[in-house]
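Given next are the chains, with one letter for each unit.
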Amino acid sequence: MATVKKKNGSKDATAIDVQLAGVIVKKIPKKTAAKKAKVAAISISFHLRFKTSFGQNLFILGNHPVLGNGSIDTAIPLQYLNEEGWSVTIQWPSNSEDTDRVYYNYLLKNQDGTYVIDAGKVHFFSIEKSTTNNLLLIDSWNHAGYYENIFYTAAFQSVLLQQNFTAFTVPSPKKSTHIFNVKSPLLTKHQTLCIIGSAHKMGNWLTDKPLLMNRVAGLDYFELSVDFTKQSFPIAYKYGIYDFVQKQFIQFEAGNNRMIYEAAEKKKSIRINDGYTYLPNNTWKGAGLAIPVFSLRTTNSLGVGEFADLKLLADWSVKVGLKLIQILPINDTMATHSWKDSYPYAAISAFALHPLYLNLAALAGNSQKAALKKATIIGQELNALAEVDYNAVIELKIEFVRQVYKQAGKKWLQSKGFKDFFGQNKHWLVSYAVFCYLRDEYGTVDFGKWPAHQQYKAADITAFTDENADSYAEIAFHYFTQYHLHLQLKEATEYAHSKGIILKGDIAIGVYRYGADTWQHPELYHMNFQAGAPPDDFAITGQNWGFPTYNWQRMQEDGFAWWKQRFEQMRYYFDAFRIDHILGFFRIWSIPLHSVEGIMGHFVPALPVHINEFNQQGIWFNYSRYTQPYITDAVLWEIFGYDNELVKSMFLNKSTSDSYLLKPAFVTQRLVEQHFMNLEQDEQHLKIKQGLYNLISNIILFDADGSGEQFHFRFNMEHTASFRYLAYETQQQLRELYIHYFFRRQSDFWKKEALQKLPALKRSTNMMVCGEDLGMVPDCVPEIMQQLGLLSLEIQRMPKDECKEFFHPNNAPYLSVVTPSTHDMSTLRGWWEEDRAAIQRFYNHELGQWGEAPYYCEAWINKAIVVQHLFSPAIWSIFQLQDLMGMHEQVRRDNPVLERINIPANPNHYWRYRMHLQLEDLMESNDFNEELSGFIQSSGR
């Protein structure tokens, strides 16, 4: 039962009747009864065809006060009707105006408190009081995991399927009793839907007399109004495809007949929302390329790829038949003003774009010709380098932008275009610009070391950004720079769209520890912890990204506003995006600030192991033995060899006759790092430093909260000397607990965590969303991604089935992206030379070739792997540009080692890869282009 009221608390507020199963639970106040008698309220009945399980309940919420203004807390409950559905009837206020397009959704609440909202803007109604006072809405649940939903994202509706649309309308009857709505995204040009059924007006199942449906521009559904006044019920019907140019019926949908049982009485209207047609929904496939913007090379770029270069890349993509361009994050990373800022995932702002990508000629226009000529000469020298010289390029560009700003900045900042941009982006732009000003003023990005303004205060920001303040000119420089970055990227995006190409961005899982976001919103982050990843084959001691972890509980309090703003910002430029490390929405690998290596982390949140569980397993619990570094003479010899005596004297204290403790000055990895920071980095020092890191991580358990009662297992416990020196029986007992902790205990817990975040974020955007679900993937991840319609990532050399060495593209699910490599690994050709034994097995079993594998990845091998991926059932096959160029002997680079973009195991990697050819040269590589185009076309992509 539910009562819904207008939130207005005034005396004449109108109460709204809510009727469940024919029972009115709130009467109209007497004060308004007379008014109501004059104009009858409109009765609206919602009927949802949906089967529930025990303990589940259904609600309705929509974009109108009567329907709770979209709030879950005020959603209207439905009543269980029968096994096939739920319903509720409400009385729409009689004093309301005619209503155009009230959108609503259904909410399914589970017994455990979790909930799911059906996807998209698929349910709606309009009210015209002059024609109806009784409206019945018969709806179908729109499961977010239905394949069809992806075709209603911006990527498809605005770009990829635009060429398939042709408007088609049929005359509306003077009177109608039933309105049919249905969606069918993959109809081609000159096709519409039709209805054929058992009713006379439906042609009595004759395909030469179908009822044709409207296909209206700007609407994403098909609609038909029918007058069934003199028709007997029930009526059976099906949807079909009709070619309105050839005037020919093509085919029926699959599945059982649909049924309509409800007849319309006088002034009653029935709207049937049938969801999607039962037509083939997995026939569309596309191919794309992946490359960082900084890696592009054109004749006009100045030492680094630029937003403007995306236009030529789009031209080449069209030429060979690609439909998508995927790039890495492009946010401002200028923290140190050195090459270390080349790391694209360490953004000092999740919103600001990087000045690295500005095209100086477009910025200058007809002014600054002399300065542009000088910059171009230097830029061409940088453009001739094999790799990006980050320091030289950013210095050149910033200096030039300052010259243009000094000359024309005031005019630009007074333009209507800038004012519109500022109004839409001031929520991040102002704080970012002030942050950059203070960073440069105080000589460090670490706001904790600033002599003033360590904490963000709105009053300080107002003072700094006053146009009469001394600081304003420098702060406005960052406004100016961001505005032009916005213009240039937007122009590139619109150009790509004009060519039928979509752009896919990348949302990093973290932000830089000392950036505008953490300065402005410190409450959204756990600043005492670092995000990373557990050990894997690519990083044996784990990864420490250095980013603070998110305070998800605080973020949830305002409905994930910060994340929604990020998505909104992405929407300006991208049609799709990749969520970097989507596993972080289930749990994040959290590393204490005093640790250097990822191995010292654990998953957060996670259910710890209680000390009683050790006792229940018959394990004698020794706190110091399990939670402190296990250091003995034997361990020291294993790690340090002949240097063990030196280590004992400098870093250790004697504990017992055969055990040691670290001296207080070296008890954490961060203290060890600081000790060696100013020493010569020779082989011995590096060996001892790493050895001390290994000593510190030579533990079995982390104390979860300092109580000595709850614990997290150290990852790869079995690889530690501490574990190896335990008795065999204890090892087996600990191993059983370890397996339960990592692979059984957490799954349902992490599932609930993800359901608190991902559904709300997914609903906030209409971009196509892909998740990078690699690494140690919990069992619940594929289920949640399928449930939400998120595309998974499938990589041939990183199978998710631990029983398999390789993943075959033929086994990919439809809602996935298949790729032979990513920026975090070697290219196909580089991988071929890394592990000879693995390559031999791949050559024989995955490629189906006899004999010994060639030592190098010859062009035909590269080609065969690309073709495997093109013919995958996955909706997208996306390739690093290097892997595509590797198909052709005349196009590929000589040395594949130089094609790798990132080495995750190296936290100080220099991101500087550039393609060895200019895009203009690639455009003219006719043999290669024709061959690649032929493969893409024959694969149906």
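This section reports on the structure supplied with the text. Note that the structure is a prediction, hence the values are computed from the model and not measured. (Residues numbered from 1 in each chain as written. Predicted model: local features only at pLDDT ≥ 70, side-chain atom pairs only at ≥ 80, totals over all residues. Heavy atoms only, no water.)

### Quick notes on the overall build of the chain
Logical step 1: In terms of regular secondary structure, the chain is built from 29 helices and 41 strands.
Logical step 2: Taking 2.2 N^0.38 as the reference for a compact globule, 941 residues should give roughly 30 Å; the C-alpha atoms of the chain span a radius of gyration of 32 Å, in line with that estimate.
Logical step 3: In terms of overall dimensions, the chain has C-alpha extents of about 100 × 75 × 75 Å along its principal axes.
Logical step 4: For the chain, the residues scored as buried account for 56% of the 941 residues in total.
Logical step 5: Considering only intrachain contacts with a sequence separation of at least 6, the fraction spanning at least 24 residues in the chain is 72%.
Logical step 6: Carbon and sulfur atoms form 51% of the exposed surface of the chain, whose accessible area is close to 40,900 Å².
Logical step 7: Charge-centre separation for the chain: the mean point of 92 positive side chains lies 10 Å from the mean point of 97 negative side chains. (Helix = DSSP H or I, 4+ residues; strand = E, 2+ residues; numbered from the N terminus. Rg over C-alpha atoms; globule rule 2.2 N^0.38 Å. Buried < 20%, exposed > 50% of the residue type's maximum accessible area, 1.4 Å probe, protein only. Contact = heavy atoms within 4.5 Å. Areas by Shrake-Rupley, 256 points an atom, 1.4 Å probe, with all protein chains shown as cover. Lys, Arg positive; Asp, Glu negative; His and termini not counted. Charge placed at Lys NZ, Arg CZ, Asp CG, Glu CD.)

### So, helix α3 (residues 309-320)
Logical step 1: The first and last C-alpha atoms of α3 sit 17 Å apart over 12 residues, in line with the 16 Å expected at 1.5 Å per residue.
Logical step 2: For α3, every residue scored as buried is listed here: D309, L310, L313, A314, W316, S317 and V320. Seen along its axis, α3 keeps its buried residues to an arc of 165°; they face one direction.
Logical step 3: Directly beyond the C-terminal end of α3, a positive phi value near 100° is found at G321. (Expected span 1.5 Å × (residues − 1). Arc of directions from axis to C-beta.)

### A look at the nonpolar core
Logical step 1: One finds L310, W316, W563 and F713 to be the most contacted residues of the largest nonpolar core, which totals 167 residues.
Logical step 2: Considering each element in turn, this core owes the most residues, 12 residues, to helix α7 (residues 416-442).
Logical step 3: Beyond its immediate chain neighbours, meaning those up to four positions away, W563 contacts I507, Y550, W552, M555, F585 and L761.
Logical step 4: Judged by nonpolar contacts, the second largest core, of 31 residues, contains I138, M202, Y239 and I241. (Core = buried A, V, L, I, M, F, W, Y, C linked by side-chain atoms within 4.5 Å.)

### Topic: the pattern of salt bridges
Here the idea is simple: oppositely charged side chains can pair when their charged atoms come close.
Logical step 1: Inspection of every chain in the model, using the stated rule, returns 32 salt bridges.
Logical step 2: Between K800 and D773 there is a salt bridge, and its shortest N-O distance comes to 2.7 Å. Of this pair, K800 sits in the loop between β39 (792-795) and β40 (816-819) while D773 sits in the loop between β38 (768-771) and α23 (780-788), and the two are 27 residues apart along the sequence.
Logical step 3: The class for K800 is partly exposed, based on a relative accessible area of 38%.
Logical step 4: Linking E852 and R836 is a salt bridge whose minimum nitrogen-to-oxygen distance equals 3.5 Å. Of this pair, E852 sits in the loop between α25 (836-846) and α26 (859-870) while R836 sits in helix α25; the two residues are 16 residues apart in sequence, bridging distant segments of the chain.
Logical step 5: For E852, a relative accessible area of 63% gives the class exposed.
Logical step 6: The structure contains a network of salt bridges with shared partners spanning R49, E253, R258 and D274. (Salt bridge = Lys/Arg side-chain N within 4 Å of Asp/Glu carboxyl O.)

### What to know about the sheet that holds strand β37 (residues 710-713)
Neighbouring strands of a sheet are bound in pairs by backbone hydrogen bonds; such pairs are parallel or else antiparallel.
Logical step 1: Strand order in this open sheet of three strands is β33-β37-β36, and the pairing throughout is antiparallel. Single-partner strands in this sheet number two, and they are β33 (609-610) and β36 (701-703).
Logical step 2: With three bridges joining them, β36 and β37 adopt antiparallel strand pairing. Within β37, the position partnered with L701 by the bridge is F713. (Pairing = 2+ DSSP bridges.)

### Some words on the packing of helix α16 (residues 644-651) against helix α18 (residues 683-696)
The packing of two helices is summarised by the inter-axis angle and the distance between the axes.
Logical step 1: Two elements in contact, α16 and α18, have axes whose closest approach is 12 Å; the angle formed by their N-to-C orientations is 65°. The angle between α16 and α18 places the two elements in the roughly perpendicular class. Considering how the two elements wind past one another, α16 and α18 form a crossing that is right-handed. Between α16, through L646, V647 and F651, and α18, the contact on the second element is made entirely by Q684, I688 and L692. (Axes fitted to C-alpha atoms, helices over the stretch in contact; angles between N-to-C directions. Parallel < 35°, antiparallel > 145°, perpendicular 65-115°, else oblique. Left-handed = near helix turned anticlockwise from the far one by under 90°.)

### What about helix α29 (residues 926-938)?
Logical step 1: Taking 1.5 Å of rise per residue, 13 residues should cover 18 Å, and α29 covers 18 Å from first to last C-alpha, within 8% of that figure.
Logical step 2: Taken residue by residue, α29 has F928, N929, L932, S933 and I936 as its buried positions. Down the axis, α29 shows its buried residues gathered within 125° of arc, on one side only. Away from the buried face of α29 by more than 90 degrees, exposed residues D927, E930 and Q937 are located.
Logical step 3: Where α29 is buried, its residues meet β23 (286-290), α3, α26, α27 (881-885) and α28 (919-923).
Logical step 4: Within two residues after α29, G940 carries a phi angle of roughly 80°, on the positive side.

### Some points on the pairing of strand β31 (residues 588-592)
Logical step 1: Of all five residues making up β31, five are buried, and the element is well covered by its neighbours.
Logical step 2: Side chains I588, S590 and P592 of β31 all project onto a buried face; the interleaved residues W589 and I591 project onto the opposite face, where all are buried too.
Logical step 3: The sheet contact formed by strand β27 (residues 529-533) and β31 spans four bridges and is antiparallel. Each bridged residue has a counterpart across the sheet, and for F529 the counterpart in β31 is P592.

### Things to note about the packing of aromatic side chains
Logical step 1: Tallied over the entire structure, the rule returns 92 aromatic pairs.
Logical step 2: Here F418 and F421 contribute two aromatic rings whose centre-to-centre distance is 6.4 Å and whose plane-to-plane angle is 45°, an arrangement assigned as tilted. Highlighted residues: F418 and F421, both in helix α7, separated by three residues, approximately one helical turn. Side by side, F418 and F421 carry an identical accessibility label, which is buried.
Logical step 3: On the basis of an interplanar angle of 50° and a centroid distance of 5.9 Å, the ring pair of F435 and W519 is categorised as tilted. Here F435 is found in helix α7, whereas its partner W519 is found in helix α10 (residues 516-520), with 84 residues between them in sequence.
Logical step 4: Given the relative accessible area of 0%, F435 is considered buried.
Logical step 5: By relative accessible area, W519 is classed as buried at 3%. (Phe/Tyr/Trp six-rings, centres within 6.5 Å; stacked < 30°, edge-to-face > 60°.)

### Let's talk about the pairing of β40
Logical step 1: Judged by which residues are buried, β40 turns out to be covered on both faces: S816 and V818 on one side and V817 and T819 on the other are all buried.
Logical step 2: Here β39 pairs with β40 via four bridges, running parallel. Along β40, the bridge assignment pairs E794 with V818.
Logical step 3: Pairing of β40 with strand β41 (residues 876-880), which is carried by two bridges, proceeds in the parallel orientation.

### Section: the sheet that holds β27
Logical step 1: The strand order β28-β27-β31-β32 describes an open sheet built from four strands, whose pairing is antiparallel. Edge strands, defined here as strands with exactly one partner in the open sheet, are β28 (543-544) and β32 (602-604).
Logical step 2: Relative to β32, β31 runs antiparallel, the two sharing three bridges. Bridged to W589 within β32 is F603.

### Re the side chain of T730
Logical step 1: Considering the arrangement of structural elements, one finds T730 in helix α20 (residues 728-743).
Logical step 2: Look at T730 and you get buried, because its relative accessible area is 18%.
Logical step 3: What T730 contacts, discounting residues up to four positions off in sequence, is I619 and Y626.

### Quick notes on the environment of W428
Logical step 1: Looking at the secondary structure, you find W428 in helix α7.
Logical step 2: In this structure W428 touches S349, F351, A352, Q482 and Q569, once residues within four positions along its chain are discounted.
Logical step 3: Among the polar contacts listed, one links the side chain of W428 to the side chain of N425, at a separation of 3.1 Å. (Polar contact = N/O pair within 3.5 Å; in protein donor to acceptor, adjacent residues only side chain to side chain.)

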